[in-house]
Structure formats: structure tokens, C-alpha cells
Amino acid sequence: LLARRGGAFAPYRSRVVAAGGAWSDVQLFGGCRADAEHCAACPRTAAAIAAQPRLNSVVHGSHFFSRLAAGTHLEAHCGPSNYRLRCHLGLVVPAGARIRVGEEVREWRAGECLVFDDSYEHEVWHSGDTDRVVLICDLWHPEVDLEKHVRPSLAPAQREALAAAEAGRHLPVQRRVYST
């Protein structure tokens, strides 16, 4: 995906991207639905996500490659709920890329994960000179009872997507899902 001319990365349309910044992504899964083209381009990554119940059933989440251009600032924001945790696996991590969650500031490291509750305020700065790329995977918060807290509030289409994912047959993405 990174080597494709023009790439498969699409602009991540979000209100948190400060003027002059560029944030793009390649979505593998969103809302328990699979993007077949992107999953086929990254079969081992897609299979690893699909094989993990705490990942593949996050109906209120996504799994995607995230590219942040040098000089980009993602303004302070919060995720939609505390049902999920967000994991960032550093893939291409130049110096100068950092994240603040609450009061704590961290830098990504290639091959390492940062896991945080994105319902807490967080913000990103990239003062380096090349793109930063991470794999973002949402997983259920360990204290969430899916049967008690999530399933009863799902719309019919979400219930259908969740059941399919749990059965190991993700439905196709109908539209790109953004959660910021």
C-alpha cells in the first residue's frame, strides 16, 4: 500500500485536522464490515485482525492504516465513547511524531503499540520531515459487557454486521466509517 504510486491512502475527513495538515488512511474494517480491496492488498494483516474476537467485533470502531504528513497537527479531540480502546502499532515512525492523551505525551516507536482510551482528550503533532504511518485497531474495553451494554442498543444493520463478523464472514463496507 505504501509503495503504490498515488497510494491507496484517502484523505481522512475530520474536523480535527488543523489547517495545512494532511491525514489519510487505508481502511481495512469499519463497523464490523470489511473493505475487500484493501483486505486483499494486506491479507496477513486483515486475517490477523479478523481472527481476534476482541478486534473483529468492534461495531463502534475501525481498523486502518493511518498516515500523517509531516507538519500536521490533529487538534484536541475525544472519541465517541469509552466502549473501546484504540491501539496504534508504529510502522513508519520518524522523529517528531507525538501524541498527548490526557496529560501524558508519548512518541510512537516502530514495532511497538500505544494503547489508550480515546474517550479521553488526545492530540497529535508531527514536527518531523517524513510521513508517520501506524496501524490503528480498535478493541473492546475490557470492562464492557457486550451483551449488556452494546448489543441492546445496536441498529438492525449493526446487529447484522456484528453477527457476520462473529461468524467469521465480514459483510462488505457500505461506506467509509469515521470515528473522530
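Notes on the structure in this doc start here.

Criteria and thresholds
Residues numbered from 1 in each chain as written. Predicted model: local features only at pLDDT ≥ 70, side-chain atom pairs only at ≥ 80, totals over all residues. Heavy atoms only, no water. Salt bridge = Lys/Arg side-chain N within 4 Å of Asp/Glu carboxyl O. Helix = DSSP H or I, 4+ residues; strand = E, 2+ residues; numbered from the N terminus. Buried < 20%, exposed > 50% of the residue type's maximum accessible area, 1.4 Å probe, protein only. Pairing = 2+ DSSP bridges.

## Thoughts on the pattern of salt bridges
Charged atoms that come close allow side chains of opposite charge to pair.
Piece 1. Applying the stated rule across the entire model yields 11 salt bridges.
Piece 2. Close ionic contact of Arg 67 with Asp 131 constitutes a salt bridge, the shortest N to O distance being 3.8 Å. Linking Arg 67 in strand β4 (residues 62-68) with Asp 131 in the loop between β10 (122-126) and β11 (132-140), this pair joins segments that are 64 residues apart in sequence.
Piece 3. Overall, Arg 67 belongs to the partly exposed group, its relative accessible area being 23%.
Piece 4. Between Arg 84 and Asp 118 there is a salt bridge, with the nearest N and O atoms lying 2.6 Å from each other. Of the two residues, Arg 84 sits in strand β6 (residues 84-92) while Asp 118 sits in the loop between β9 (113-116) and β10, which places them 34 residues apart along the sequence.
Piece 5. On the basis of relative accessibility, which here comes to 1%, the residue Arg 84 falls in the buried class.
Piece 6. Asp 118 sits in the buried class, given a relative accessible area of 1%.
Piece 7. Among the charged side chains, a network of salt bridges with common partners joins Arg 84, Arg 86, Asp 118 and Asp 138.

## Quick word on the pairing of β11
Piece 1. Taken across its nine residues, β11 has nine buried, putting it largely inside the fold.
Piece 2. The pairing of β4 with β11 spans six bridges and is antiparallel. Each bridged residue has a counterpart across the sheet, and for His 63 the counterpart in β11 is Cys 137.
Piece 3. Both β6 and β11 contribute to a ladder of eight bridges, which runs antiparallel. What sits directly across from His 88, in β11, is Ile 136.

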